[in-house]
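Chain by chain, the residues:
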Amino acid sequence: MPESIDRELEHLLEYSDPPDPEAFTLSVTRSLRNKQRTRRLILWTFGLSGALFGLAGAVLLSGSIARLMTFTLDLPVMETMQALLIIVGAAAFYLWFMNDDFSLDN
């Protein structure tokens, strides 16, 4: 039994020829491209589902937009929340669309 294990270990540890550099590079590039495509698909799927849930929440919260646009001086709480939701949603969409980055590096 120990001899078979020794032969197995020798077979596993023996030096093998390195892979073709061009083939290796192509396989790594192909693998990276597939992973990037999968990552992009996941991000788009969850981004769109989040946007749909946000839109559904905005529709449920908004009520009548005509009441929001009456510009009365004493806005009730619901209309104030609706206006804030529209402003924050528009700002978030603008930042996402323009791909702004708020880094502190000079």
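Residues numbered from 1 in each chain as written. Predicted model: local features only at pLDDT ≥ 70, side-chain atom pairs only at ≥ 80, totals over all residues. Heavy atoms only, no water.

## Section: the confidence of the model for the chain
So, step 1. Taken residue by residue, the chain gives an average pLDDT of 79. The fraction at 70 or more is 76%.
So, step 2. Within the chain, helix H3 (residues 65–68) has the poorest average pLDDT of any element, 58, and helix H2 (residues 21–62) the best, 88. (pLDDT = per-residue confidence, 0-100. Helix = DSSP H or I, 4+ residues; strand = E, 2+ residues; numbered from the N terminus.)

## Things to note about a positive patch on the surface
So, step 1. A grouping of Arg30, Arg33, Arg37, Arg39 and Arg40 is seen on the molecular surface, where their side chains present a positively charged patch.
So, step 2. Relative to the helices and strands, arginine 33 is located in helix H2.
So, step 3. On the accessibility criterion, arginine 33 (45% relative accessible area) is partly exposed. (Patch = residues over 30% accessible without salt bridge, like charges linked within 9 Å, V, L, I, M, F, W, Y side chains within 5 Å. Areas by Shrake-Rupley, 256 points an atom, 1.4 Å probe, with all protein chains shown as cover. Salt bridge = Lys/Arg side-chain N within 4 Å of Asp/Glu carboxyl O. Lys, Arg positive; Asp, Glu negative; His and termini not counted. Charge placed at Lys NZ, Arg CZ, Asp CG, Glu CD. Buried < 20%, exposed > 50% of the residue type's maximum accessible area, 1.4 Å probe, protein only.)

## Brief notes about the layout of surface pockets
So, step 1. As a volume, the largest pocket reaches approximately 490 Å³.
So, step 2. Every residue lining the largest pocket is counted, 17 residues in all, and those nearest its centre are Ala51, Leu55, Gly89, Ala92 and Phe93.
So, step 3. Of all the elements in the fold, those that place two or more residues in the lining of the largest pocket are H2 and helix H4 (77–98).
So, step 4. Here the lining of the largest pocket gets nine residues from one element, more than from any other, and that element is H2.
So, step 5. Tallied by class, residues from the lining of the largest pocket come to 14 nonpolar, three polar and no charged. (1 Å grid on protein atoms, 1.4 Å probe; cavity = no way out; pocket = protein on both sides within 12 Å on 5 of 7 lines; lining within 4 Å. Points joined across faces, edges and corners; volume = space filled by probe spheres on them. Nonpolar A, V, L, I, M, F, W, Y, C, P; charged D, E, K, R; others polar.)

## Notes on the packing of aromatic side chains
So, step 1. Counted under the stated rule, the structure contains one aromatic pair.
So, step 2. With centroids separated by 5.8 Å and ring planes inclined at 45 degrees, the aromatic side chains of phenylalanine 93 and tryptophan 96 adopt a geometry described as tilted. With phenylalanine 93 and tryptophan 96 both in helix H4, this residue pair falls three residues apart, about one helical turn. (Phe/Tyr/Trp six-rings, centres within 6.5 Å; stacked < 30°, edge-to-face > 60°.)

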